[in-house]
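Residue-level structural notes
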Amino acid sequence: MMVHGHVLARLRCNLQESHYCLGLVMKSPDHKTRPTRVALPRGGTPRMADDDRKRRNEPGGPGTAVITKTKPQTKRPNLYRVLILNDDYTPMEFVVHVLERFFGKDHEAATRIMLHVHHHGIGECGVYTYEVAETKVTQVMDFARKHQHPLQCVMEKK
């Protein structure tokens, strides 16, 4: 059963099975606190001080306890396309080498992408999360500069 983003589960303890039942309880509803295991005493209800029990008019006998467990809402990370731009000076063989070395392309796929860049002015090398795409762009640009080629590599949000 869902209540305000929490899943309610009923836990019944059997007196013959064990002295304690283990459950998950969230410390706070902000989804940042990790669940902690708590031991429920025999009977399944958490023990309270006698004063608390009297104020709530609850018996301390066996019964059913309600334990909430929050389902985390995970969001998929944004993806970024890594693109190589055409220029008139970088050799085709160097572009193929870059695609094989930094993007894990086989020779045939690298050649296909290089020809696409040559004919259309731009070509997609791969799609990655932000940090990975940024690293690949930096690696390609540094490698091209090291070998004195004006090859341009950029990233854009997909």
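Reading guide: rules and limits
Residues numbered from 1 in each chain as written. Predicted model: local features only at pLDDT ≥ 70, side-chain atom pairs only at ≥ 80, totals over all residues. Heavy atoms only, no water. pLDDT = per-residue confidence, 0-100. Contact = heavy atoms within 4.5 Å. Helix = DSSP H or I, 4+ residues; strand = E, 2+ residues; numbered from the N terminus. Buried < 20%, exposed > 50% of the residue type's maximum accessible area, 1.4 Å probe, protein only. Expected span 1.5 Å × (residues − 1). Arc of directions from axis to C-beta. Core = buried A, V, L, I, M, F, W, Y, C linked by side-chain atoms within 4.5 Å. Phe/Tyr/Trp six-rings, centres within 6.5 Å; stacked < 30°, edge-to-face > 60°. Lys NZ or Arg CZ within 6 Å of the ring centre and 35° of its normal. Lys, Arg positive; Asp, Glu negative; His and termini not counted. Salt bridge = Lys/Arg side-chain N within 4 Å of Asp/Glu carboxyl O. Polar contact = N/O pair within 3.5 Å; in protein donor to acceptor, adjacent residues only side chain to side chain.

**Observations regarding the confidence of the model for the protein chain**
- For the protein chain, mean pLDDT is 77; residues scoring 70 or higher make up 61% of the total.
- A low-confidence stretch, residues 1-28 (pLDDT under 50), is modelled with 76 contacts involving residues beyond four sequence positions or located in other chains.

**Remarks on unusual backbone geometry**
- The backbone phi angle of Gln148 is positive, close to 60°, even though this residue is not glycine.
- With respect to the helices and strands, the residue Gln148 is situated in the loop between helix 4 (130-146) and strand 8 (152-157).
- Classification of Gln148 as exposed rests on a relative accessible area of 71%.

**Describing helix 4**
- Given a rise of 1.5 Å per residue, 17 residues ought to cover 24 Å, and the 24 Å separating the end C-alpha atoms of helix 4 matches this to within 8%.
- Three or more residues of helix 4 are buried, namely Ala133, Lys136, Val137, Val140, Met141, Phe143 and Ala144. Down the axis of helix 4, the sector holding all buried residues measures 165°, keeping them to one side. Turned more than 90 degrees from where helix 4 packs its buried face, Glu131 and Lys146 sit exposed.
- Structurally, helix 4 contributes buried residues whose contacts are with strand 6 (79-85), helix 2 (92-103), strand 7 (122-129) and strand 8.

**Things to note about the nonpolar core**
- One finds Val82, Ile84, Val98, Leu99, Phe103 and Leu151 to be the most contacted residues of the largest nonpolar core, which totals 24 residues.
- Of all the secondary-structure elements, those providing two or more residues to this core are strand 6, helix 2, helix 3 (107-120), strand 7 and helix 4.
- Sorting elements by how many residues they give to this core places helix 2 first, with seven residues.
- When sequence neighbours within four positions are dropped, the list of residues in contact with Val82 reads Phe103, Gly123, Glu124, Cys125, Gly126, Tyr128, Ala133, Val137, Cys153, Val154 and Met155.

**With respect to the packing of aromatic side chains**
- The final tally for this structure, using the stated rule, is four aromatic pairs.
- Taken together, the ring pairs in this structure connect Phe94, Phe102 and Phe143 into an aromatic cluster.
- Its end group placed over the ring of Tyr128, Lys136 keeps NZ or CZ at 5.3 Å from the ring centre.

**A closer look at the side chain of Asp87**
- With respect to the element layout, Asp87 can be found in the loop between strand 6 and helix 2.
- The buried charged residue Asp87 lacks any salt bridge partner; its closest oppositely charged side chain belongs to Arg145, at an N-O distance of 7.5 Å.
- Side-chain polar atoms of Asp87 contact the backbone nitrogen of Tyr89, separated by 2.8 Å.
- If sequence neighbours within four positions are ignored, Asp87 has contacts with Pro150 and Leu151.

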